[in-house]
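Chain by chain, the residues run as shown.
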Amino acid sequence: MSTADKDGGSAGSPTVLRMLLGSQLRKLREAKGVTREKAGWEIRSSESKISRMELGRVGFKERDVADLLTLYGVDDDQERASLLALAREANTPGWWHKHSDVLPNWFQAYLGLEATATIIRNYEVQYIPGLLQTADYARGVILLGHTLAPAEEIQSRVKLRMARQQVLHRAEAPRFWGLLDEAALRRPIGGQAVMREQILHLLELAKLPNITLQVIPFEAGGHAAAGGQFSILRFHDQELPDVVYMEQLTSALYLDKREDVDHYAAAMERLCVEALQPADTITFLERFLDEAYPLTSR
């Protein structure tokens, strides 16, 4: 897998590499009939540590991986070297590490998933999706949650958000499918001029072959995801399950159990049916732009 790009996007983020290695270690343990408790004892740790390792939620010590491979009967030099190399690469900081002063741990995990996803499906009710925001709109959103932060911190957060967007413009960009509630368009974050620029930006992004936008107009009434925003991420490697991500004020929820993912995938499918189709969304945005944020509104 390739290393991270200079300032955003990656074909193999540390988060996903940990998930892949954890999945391989789980399969090896189960094939050998070793319990998590015994595996934990082998690396001078606990059953819960093995569980976290297999889920890719912690870093890997190379010594621990080597000891587990021995326990699981992996004696092929090439296979051991490959898995140990994966452990080393999984511990390499992601491109976002330089912004760690403004990044909570729970969001760093999402950036790792986002950087490696092949399909990102996102529903938003309050804001324009972060990957589609202009710098001025992003600044307006960030200021809502960090009213007392110094200007340098706000700028660092804006820069981070702009760097994230490079994932949509790299050579092997993921497919991004965004569903926007009309409320997100009508909320004038940053003022009229900022919103006009933001909607023009959406219209430009919608021309890209890997970006699909659908608006859910108010006239659609209640809909399948009225409870709040969520994203579903899918990965190229079939070893990795789809992940549902839901952001909260001070934390985030990650769901990867099949029944949970299926529930949200079904809701997303219903939203796609209830929303304006992509071509109609473009027409809606063009008309809405001049009605809600005319050029003279400055």
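Calculation criteria
- Residues numbered from 1 in each chain as written.
- Predicted model: local features only at pLDDT ≥ 70, side-chain atom pairs only at ≥ 80, totals over all residues.
- Heavy atoms only, no water.
- Helix = DSSP H or I, 4+ residues; strand = E, 2+ residues; numbered from the N terminus.
- Buried < 20%, exposed > 50% of the residue type's maximum accessible area, 1.4 Å probe, protein only.
- Contact = heavy atoms within 4.5 Å.
- Lys, Arg positive; Asp, Glu negative; His and termini not counted.
- Charge placed at Lys NZ, Arg CZ, Asp CG, Glu CD.
- Pairing = 2+ DSSP bridges.
- Axes fitted to C-alpha atoms, helices over the stretch in contact; angles between N-to-C directions.
- UniProt positions renumbered as here; feature names shortened; annotations may be inferred.
- Patch = residues over 30% accessible without salt bridge, like charges linked within 9 Å, V, L, I, M, F, W, Y side chains within 5 Å.
- Areas by Shrake-Rupley, 256 points an atom, 1.4 Å probe, with all protein chains shown as cover.
- Salt bridge = Lys/Arg side-chain N within 4 Å of Asp/Glu carboxyl O.
- Expected span 1.5 Å × (residues − 1).
- Arc of directions from axis to C-beta.
- 1 Å grid on protein atoms, 1.4 Å probe; cavity = no way out; pocket = protein on both sides within 12 Å on 5 of 7 lines; lining within 4 Å.
- Points joined across faces, edges and corners; volume = space filled by probe spheres on them.
- Nonpolar A, V, L, I, M, F, W, Y, C, P; charged D, E, K, R; others polar.
- pLDDT = per-residue confidence, 0-100.

## Comments concerning the overall build of the protein
Summing up its helical and strand segments, the protein has 12 helices and six strands in all. The dimensions of the protein, computed from C-alpha atoms along their principal axes, are 70 × 40 × 35 Å. The proportion of buried residues among the 298 residues of the protein is 48%. For the protein, contacts bridging at least 24 residues in sequence account for 73% of all contacts bridging at least 6. Averaging the positions of the 35 positive and the 41 negative side-chain charges in the protein gives two centres separated by 3 Å.

## Here we look at the sheet that holds strand S6 (residues 252–255)
The strand order S3-S2-S1-S4-S5-S6 describes an open sheet built from six strands, whose pairing is mixed. Of all the strands in the sheet, just strand S3 (211–216) and S6 have a single pairing partner and so form its edges. Across the sheet, the mean angle separating the axes of adjacent strands is 15° when strand polarity is ignored. Of the pairings in the sheet, the one linking strand S1 (residues 117–124) to strand S4 (residues 230–235) comprises six bridges and is antiparallel in character. What sits directly across from Ile120, in S4, is Leu233. Against the sheet, helix H6 (residues 105–116) makes contact with S1, S4, strand S5 (243–247) and S6, and its axis sits at roughly 125° relative to S1, the strand it touches most.

## Overview of the UniProt feature "domain: HTH cro/C1-type" (unreviewed entry) in the protein
Taking the UniProt record as the reference, the feature "domain: HTH cro/C1-type" (unreviewed entry) is found at residues 24–79. Across residues 24–79, helical content stands at 66% and strand content at 0%; the span's end C-alpha atoms are separated by 11 Å.

## Focus: a negative patch on the surface
A cluster of acidic side chains, namely Asp75, Asp76, Asp77 and Glu79, defines a negative patch on the protein surface. With respect to the helices, strands and loops of the structure, Asp75 is situated in the loop between helix H4 (62–71) and helix H5 (77–90).

## What about the side chain of Lys49?
When you line up the elements, Lys49 lands in helix H3 (residues 47–54). One buried charge, Lys49, has no salt-bridge partner; the nearest side chain with opposite charge is Asp64, at 4.1 Å. Ignoring any residue separated from it by four or fewer positions in sequence, one finds Lys49 in contact with Ile43, Val58 and Asp64.

## What to know about helix H12 (residues 278–292)
Since the α-helix packs 3.6 residues into each turn, any two residues three or four apart lie on the same face. Here H12 spans 20 Å end to end across 15 residues, near enough to the 21 Å set by a 1.5 Å rise per residue. Of all the positions in H12, only Thr281, Phe284, Leu285, Phe288 and Leu289 are classed as buried. Take H12 and look down its axis: the buried residues cluster within an arc of 135°, on one side only. Across from the buried face of H12, at angles greater than 90 degrees, the exposed residues are Ala279, Asp290 and Glu291. Of the surrounding elements, those touching the buried residues of H12 are helix H9 (182–186), helix H10 (192–205) and S3.

## Some details on the layout of surface pockets
The computed volume of the largest pocket comes to approximately 1,300 Å³. In terms of lining residues, the largest pocket is bounded by 45 residues, among which Tyr127, Arg161, Gln229, Glu247 and Gln248 are the most central. Elements with a contribution of two residues or more to the lining of the largest pocket: H6, S1, helix H7 (135–145), helix H8 (151–164), S4, S5 and helix H11 (258–274). For the lining of the largest pocket, the class distribution of residues is 27 nonpolar, 12 polar and six charged.

## As for the confidence of the model for the protein
Per-residue confidence for the protein gives a mean pLDDT of 89; residues scoring 70 or more make up 94%. When the criterion is pLDDT under 50, residues 1–11 qualifies, and its contacts beyond four places in sequence or with other chains add up to 34 contacts.

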